[in-house]
Amino acid sequence: MPGKVSARTARRIATTAAYGGGGVGLAGVGLYGLLRLEAGLARRAIGPPSDDPPVADGRYGHYSAKPISVVFFGDSSAAGVGVDSADETPGALLAAGLAEIAERPVHLTVVARIGAQTRHLAEQIEGADARPDLAVVMVGANDVTHRVRPTTSVRLLDEAVRRLRDEGAAVLVITCPDLGTVEPIPHPLRWVARRASRRLAAAQTVAAVEAGARTVSLGSILGPEFAAEPGRMFSRDRFHPSPLGYATAAAAILPSAASALNLVPEDDSPDATRGEDVLPVSVAAVEAAAQSGTEVVATQVGGRDRGARGRWTLLRHRRRRPLPDPAQAHTDEMTVGS
């Protein structure tokens, strides 16, 4: 499969980052002149976001119990760039879905910002007013497009996840999307972007799970559906998802978010009929990077966290569930943007 990385590479990036070693380059030196030129052309074709994302902060769910606090950290996709209404953002879609599952209100706070890289997570965590029960982290695409060393990205993600876990939050990391699906990026840059983004996604999975998070891969979820109908799944800039694209991503994220919050019964047995398995984290990470919507979470085998090839993980392909209408989930006490 084009762009597929090896478990050894994912493990090496994450391990090198953890121990402060040197970087792992994204491409051969001879390609950089061409890539810089094509990257500039792609940026001009995509252009800067025309508007700030709609403000989705608020309370979702017509329930009187104690609210669940959900905070979105990361980049423009986490903020919902590409849609016109707050109800179409991934945060609003996820908050409404969680409120329905939990039968509790969900208070959503979005601190994600346009252009954010992994290095901005620390300041986002510092500046967040809410202490989350669930922290959703969506980051990585801008690290790839700005040619940040994967080892640097992974180290900073590890630090952010550990800080959030130390503060008592469940953490769900949505790994770097497959940038090879973005049409304005020309070849051969698109091939390089696909390889780099999948490699970063795999390494993010290794680091995030080791730090106590669970992950969901966006991959090309923005995958078969996006390839078949890019006009419907991408927004006007042809880079960020459309409302339908965000809804597709949110439907894949919701089951894992509910599980992270212990809102649904958890079965540690993999379903072989769905392609689920117990694997070393680096192997699971590569599988997840190549298949969108895949969850990776730490598990045990025979009472042990680790085997000869590292931490044991459960690779899941959770069934998606219908999303409620966020517009119907706003309470009278607090509306979007209040």
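In this text the structure is predicted, and so the values were computed from the model without any measurement.

### Overview of the confidence of the model for the protein chain
Stage number 1. Here the protein chain averages 81 in pLDDT, while 72% of its residues score no lower than 70.
Stage number 2. Contacts from residues 19–35, a stretch scored under 50 in pLDDT, to residues over four places away or in other chains number 29 contacts.
Stage number 3. Confidence over residues 334–338 falls short of pLDDT 50; this stretch has 15 contacts with residues more than four positions distant or in other chains.

### Quick word on the packing of helix 4 (residues 90–102) against helix 11 (residues 243–260)
Stage number 1. Where helix 4 contacts helix 11, the two axes come as close as 9 Å, and the packing angle between them is 40°. Here helix 11 runs oblique to helix 4, going by the angle between their axes. Seen along the crossing, helix 4 lies across helix 11 with a hand that is right-handed. Counting all contacts with helix 4, which are made through Pro90, Leu93, Leu94, Gly97, Leu98 and Ile101, the residues of helix 11 involved are Tyr246, Ala247, Ala250, Ile253, Leu254, Ala257 and Ala258.
Stage number 2. Across the contact of helix 4 with helix 11, the residue classes break down as 12 nonpolar, one polar and no charged.

### Remarks on the pairing of strand 5 (residues 170–175)
Stage number 1. Burial within strand 5 is extensive, with six of its six residues counted as buried.
Stage number 2. Of the strand pairs in this sheet, strand 4 (residues 134–138) and strand 5 are connected by five bridges, and their pairing is parallel. Bridge pairing in strand 5 places Ala135 opposite Val171.

### Let's talk about the environment of Ala258
Stage number 1. Residue position: Ala258 is located in helix 11.
Stage number 2. In this structure the C-alpha to C-alpha distance between Ala258 and Leu94, which are 164 residues apart in sequence, comes to 9.5 Å.
Stage number 3. For Ala258, the residues in contact, after removing those within four places along its chain, are Leu98, Ile101, Leu263 and Val264.

### Re unusual backbone geometry
Across the chain, the bulk of peptide bonds are trans and the bulk of non-glycine residues have phi less than zero.
Stage number 1. Positive phi is not limited to glycine here, since Arg147 has a value of about 55°.
Stage number 2. Considering the arrangement of structural elements, one finds Arg147 in the loop between helix 6 (141–145) and helix 7 (150–166).
Stage number 3. Its identity is not glycine, yet Asn262 carries a phi of approximately 60°, on the positive side.
Stage number 4. In this structure, Asn262 sits in the loop between helix 11 and strand 7 (277–280).
Stage number 5. Taking relative accessible area as the criterion, Asn262 reaches 68% and is therefore assigned exposed.

### A short note on helix 11
Stage number 1. With 18 residues, helix 11 extends 25 Å from end C-alpha to end C-alpha; this agrees with the ideal 26 Å at 1.5 Å per step.
Stage number 2. At Ile253, helix 11 is bent by approximately 35°, the largest bend along its length, and proline Pro255 sits one to four residues beyond.
Stage number 3. Taken across its 18 residues, helix 11 has 15 buried, putting it largely inside the fold.
Stage number 4. Downstream of helix 11 by a residue or two, Asn262 has a phi angle that is positive, lying close to 60°.

### Digging into the pattern of salt bridges
Stage number 1. Here the structure, examined in full by the defined rule, presents 12 salt bridges.
Stage number 2. A salt bridge links Arg163 to Glu126, with the nearest nitrogen and oxygen atoms 2.4 Å apart. Residue Arg163 is found in helix 7, and its partner Glu126 is found in helix 5 (residues 121–127); the two are separated by 37 residues along the sequence.
Stage number 3. Overall, the relative accessible area of 58% leaves Glu126 in the exposed class.
Stage number 4. In this structure, the salt-bridge partner of Arg311 is Glu210, at a minimum N-O distance of 3.1 Å. One end of the pair, Arg311, is in strand 10 (residues 310–316); the other, Glu210, is in helix 8 (residues 189–210), and 101 residues separate them in sequence.

### Comments concerning the nonpolar core
Stage number 1. Counting 36 residues, the largest nonpolar core has Val70, Phe72, Leu98 and Leu134 as its most contacted members.
Stage number 2. Contributing elements (two or more residues each) for this core: strand 2 (68–74), helix 3 (76–79), helix 4, strand 3 (106–110), strand 4, strand 5 and helix 11.
Stage number 3. The biggest single contributor to this core is helix 4, with eight residues.
Stage number 4. Discounting residues that sit within four places of it in the chain, Phe72 has contacts with Ala78, Pro90, Gly91, Leu94, Leu108, Thr109, Val110, Val111, Ala112, Val136 and Met138.
Stage number 5. By size, the runner-up hydrophobic cluster in this structure holds 24 residues, among which are Leu200, Ala284, Ala285 and Ala288.

### Overview of the side chain of His317
Stage number 1. Position of His317 among the secondary structure elements: in the loop between strand 10 and helix 13 (326–329).
Stage number 2. Accessibility expressed as a relative area gives 11% for His317, which makes it buried.
Stage number 3. Of the polar contacts made by the side chain of His317, one reaches the backbone oxygen of Gly275; its length is 3.5 Å.
Stage number 4. Setting aside residues no more than four positions away along its own chain, His317 makes contact with Arg274, Gly275, Glu276, Gln291 and Thr294.

What counts, and at which threshold
- Residues numbered from 1 in each chain as written.
- Predicted model: local features only at pLDDT ≥ 70, side-chain atom pairs only at ≥ 80, totals over all residues.
- Heavy atoms only, no water.
- pLDDT = per-residue confidence, 0-100.
- Contact = heavy atoms within 4.5 Å.
- Axes fitted to C-alpha atoms, helices over the stretch in contact; angles between N-to-C directions.
- Helix = DSSP H or I, 4+ residues; strand = E, 2+ residues; numbered from the N terminus.
- Parallel < 35°, antiparallel > 145°, perpendicular 65-115°, else oblique.
- Left-handed = near helix turned anticlockwise from the far one by under 90°.
- Nonpolar A, V, L, I, M, F, W, Y, C, P; charged D, E, K, R; others polar.
- Buried < 20%, exposed > 50% of the residue type's maximum accessible area, 1.4 Å probe, protein only.
- Pairing = 2+ DSSP bridges.
- Expected span 1.5 Å × (residues − 1).
- Bend = angle between axes of the 7 residues up to and from the residue.
- Salt bridge = Lys/Arg side-chain N within 4 Å of Asp/Glu carboxyl O.
- Core = buried A, V, L, I, M, F, W, Y, C linked by side-chain atoms within 4.5 Å.
- Polar contact = N/O pair within 3.5 Å; in protein donor to acceptor, adjacent residues only side chain to side chain.

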